[in-house]
Amino acid sequence: MNPTKNCSCESISEEEKIARIKEVIEEYKGREGSLIQVLHFAQGIYGFLPLSIQRIISEEMNIPLSRVSGVVTFYSFFSTKPRGKNVIRVCLGTACYVRGGRKILQNLKDKLGIDVGETSEDMKWTLEVMRCIGACGLAPAITINDEVFKQVNPDKIQEILSKYK
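Residues numbered from 1 in each chain as written. Predicted model: local features only at pLDDT ≥ 70, side-chain atom pairs only at ≥ 80, totals over all residues. Heavy atoms only, no water.

Draft legend 1. Broad picture of the overall build of the protein chain. In terms of regular secondary structure, the protein chain is built from 6 helices and 4 strands. Ordered by position in the sequence, the α and β elements of the protein chain form the string α-α-α-α-β-α-β-β-β-α. Each of the three principal axes of the protein chain carries a C-alpha extent, and together these read 50 × 30 × 25 Å. Within the protein chain, the proportion of its 165 residues that are buried is 42%. Restricting the contact set of the protein chain to residue pairs at least 6 apart, pairs at least 24 apart contribute 58%. For the protein chain, the exposed surface amounts to about 9600 Å²; the carbon and sulfur share of it is 48%. Looking at the protein chain, you have 23 positive and 20 negative side-chain charges, and the mean spots of the two groups are 8 Å apart. (Helix = DSSP H or I, 4+ residues; strand = E, 2+ residues; numbered from the N terminus. Buried < 20%, exposed > 50% of the residue type's maximum accessible area, 1.4 Å probe, protein only. Contact = heavy atoms within 4.5 Å. Areas by Shrake-Rupley, 256 points an atom, 1.4 Å probe, with all protein chains shown as cover. Lys, Arg positive; Asp, Glu negative; His and termini not counted. Charge placed at Lys NZ, Arg CZ, Asp CG, Glu CD.)

Written as structure tokens, this is what we have:
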């Protein structure tokens, strides 16, 4: 089950969003290791996990807020700040780093006008780094949303970004 697939969450009220999260919590309540699934669902609705939503999850699942917050901040997939429509992740694993990942990152910072961990003012782009995406033989690599781009060089950046405009 993918409860966030085809979600038109922008068109529903805050109360409806919270009700949907509570329904999922009820479905997973008491299952070992279900916190991550609930957090994924909630982030699918909101795009990030604000403290207010973490509190609701904590209370409804009877889990300490510190544990919920600890999971959210430990896993790089989760965000406590709104992300842009397109999330760019630059691989800085060893192979990508050695083959120019740092230059790719700098090029993206310059083109987008944001730093790592930031989102553009127009909410179009978020820039992040990751340690390895498993494309070492085709390094350097980046991802935009769930699409992987391999053998990226600074000359290809503009062409890649234009696909998302």
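Draft legend 2. Geometry of the state of the cysteines. Across all of its chains, the model carries 0 disulfides by this definition. Between Cys91, a free cysteine, and Cys96, which holds the nearest cysteine sulfur, the sulfur-to-sulfur gap is 3.4 Å. Look at Cys91 and you get buried, because its relative accessible area is 2%. (Disulfide = S-S within 2.5 Å.)

Draft legend 3. Spatial organisation of the pattern of salt bridges. Inspection of the entire model under this criterion finds 4 salt bridges. In this structure, the salt-bridge partner of Glu128 is Arg89, at a minimum N-O distance of 2.9 Å. Here Glu128 is found in strand β2 (residues 125-130), whereas its partner Arg89 is found in strand β1 (residues 86-91), with 39 residues between them in sequence. Residue Glu128 shares its accessibility class with Arg89, and that shared class is buried. Residue Asp115 is joined to Lys109 by a salt bridge in which the shortest nitrogen-to-oxygen separation is 3.2 Å. (Salt bridge = Lys/Arg side-chain N within 4 Å of Asp/Glu carboxyl O.)

Draft legend 4. Molecular detail of the pairing of β2. Alignment of β1 against β2, held across 6 bridges, turns out to be parallel. Bridge assignment links Arg89 to a residue of β2, and that residue is Glu128. (Pairing = 2+ DSSP bridges.)

Draft legend 5. Structural view of the nonpolar core. By size, the foremost hydrophobic cluster in this structure holds 22 residues, and its most contacted members are Ile21, Leu35, Leu39, Ile53 and Ile57. Mapped onto this core, the elements with two or more residues apiece are α1 (14-28), α2 (35-46), α3 (51-61) and α4 (65-74). Among the elements that take part in this core, α2 stands out by supplying 7 residues, more than any other. Membership of the second largest hydrophobic core comes to 18 residues, among which are Val90, Val152, Ile160 and Tyr164. (Core = buried A, V, L, I, M, F, W, Y, C linked by side-chain atoms within 4.5 Å.)

Any link to function would need more than the numbers given here.
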